Amino acid sequence: MQTPLSIVVVEPDPARAVAITEALRNEGPHEVLVVSDDAHLARRIQERNPDIVLIDVASPSRDILEEMALMSGPLERPVAMFVDHSNAGLAKAAISAGVSAYVVDGLRPERLTPIIDAAIARFHMFHQMRAELAATKQALEERKVIDRAKGILMKARGLEEAEAYGMMRKTAMSQGRRLADVAEAIVTTAGLLS
């Protein structure tokens, strides 16, 4: 951790909260907020909008996992969860809820920096993968619309595939529009006329 971070620490034990806060502040001038209970956790974290959330619980409950899904989904942030003991079902549920790092054997101050760094790196990696997946899905959908529009032009005008594509491309360039937008207009118009 080289740059100061805004960190929310969810820790019900006041003594452990102090130890964690001190360890974090020894690593840098981080802004640390300790939340001692998990009531309305998602709302409180969204209001704070931290760079990372650290949750220290003996054993995560389904309620905490649901709150985490709420807080990590809409605003997308790294979450590191430290548990004293776990089972495979809870670990999987925590990862599904958006946890970037799930650490069994509790939170120990000397392990904070590498775990936070790993959680942030993993979060950014998955965030990039989700963005690439969304872009790929969008491109595939656009390709389907373009192919449908080509088919409509080929049938209506008796054109070859390359001619239909060329016509759409020329129209897009002359109107300063994207090819996918021109194709969408053709498909929509054909749907209205049929």
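1. Focus on unusual backbone geometry
Right, on to step 1. You will see that Asn-49, though not glycine, has its phi angle at about 50 degrees, which is positive.
Right, on to step 2. Residue placement: Asn-49 occurs in the loop between α2 (41-48) and β3 (52-57).

2. Some remarks on the side chain of Thr-21
Right, on to step 1. Inspection of the secondary structure assignment puts Thr-21 in helix α1 (residues 14-27).
Right, on to step 2. Residue classification places Thr-21 among the buried positions, given a relative accessible area of 12%.

3. Overview of the environment of Ala-101
Right, on to step 1. Positionally, Ala-101 belongs in strand β5 (residues 101-104).
Right, on to step 2. What makes Ala-101 buried here is its relative accessible area of 12%.
Right, on to step 3. Counting along the chain gives 17 residues from Ala-101 to Ala-118, while the straight-line C-alpha distance between them is 7.4 Å.
Right, on to step 4. Residue contacts for Ala-101: discarding those within four places in its chain leaves Val-79, Ala-80, Met-81, Ile-115 and Ala-119.

4. Let's talk about helix α4 (residues 88-96)
Residue pairs three or four apart in sequence face the same way in an α-helix, which turns once every 3.6 residues.
Right, on to step 1. Of the positions making up α4, those classed as buried are Leu-90, Ala-93 and Ala-94. Axial view of α4: buried residues confined to an arc of 100 degrees, hence all on one face. Exposed residues on α4 whose side chains face more than 90 degrees from its buried face are Ala-88, Lys-92 and Ser-96.
Right, on to step 2. Gly-98 sits one or two positions beyond α4 and adopts a positive phi of about 110 degrees.

5. Things to note about the confidence of the model for the chain
Right, on to step 1. For the chain, per-residue confidence averages 84 on the pLDDT scale, and residues scoring 70 or more make up 89% of the total.
Right, on to step 2. Ranking the helices and strands of the chain by mean pLDDT puts helix α6 (residues 161-175) first, with 95, and helix α3 (residues 62-75) last, with 59.

6. Considerations on the nonpolar core
Right, on to step 1. Residues Leu-24, Ile-52, Leu-54, Phe-82, Leu-112 and Ile-116 are the most contacted members of the largest nonpolar core, which totals 19 residues.
Right, on to step 2. Put simply, the parts of the chain that give this core at least two residues each are β1 (6-10), α1, β3, β4 (79-83), β5 and α5 (112-157).
Right, on to step 3. It is α5 that provides the largest number of residues to this core, a total of 5 residues.
Right, on to step 4. The contacts of Leu-54, once residues within four sequence positions are left out, are Ile-7, Val-8, Val-9, Val-10, Leu-24, Ala-80, Phe-82, Leu-112 and Ile-116.
Right, on to step 5. With 15 residues, the next largest nonpolar core counts Leu-41, Ile-55, Val-83 and Leu-90 among its residues.

7. Describing the pattern of salt bridges
Right, on to step 1. All chains considered together, the criterion is met by 9 salt bridges.
Right, on to step 2. Asp-56 is the partner of Arg-16 in a salt bridge, and the nearest nitrogen-oxygen pair spans 2.5 Å. Placement of the pair is Arg-16 in helix α1 and Asp-56 in strand β3, with a sequence separation of 40 residues.
Right, on to step 3. Among the ionic contacts, a cluster of salt bridges with common partners joins Arg-143, Asp-147, Lys-150 and Glu-161.

Reading the values: the criteria
Residues numbered from 1 in each chain as written. Predicted model: local features only at pLDDT ≥ 70, side-chain atom pairs only at ≥ 80, totals over all residues. Heavy atoms only, no water. Helix = DSSP H or I, 4+ residues; strand = E, 2+ residues; numbered from the N terminus. Buried < 20%, exposed > 50% of the residue type's maximum accessible area, 1.4 Å probe, protein only. Contact = heavy atoms within 4.5 Å. Arc of directions from axis to C-beta. pLDDT = per-residue confidence, 0-100. Core = buried A, V, L, I, M, F, W, Y, C linked by side-chain atoms within 4.5 Å. Salt bridge = Lys/Arg side-chain N within 4 Å of Asp/Glu carboxyl O.

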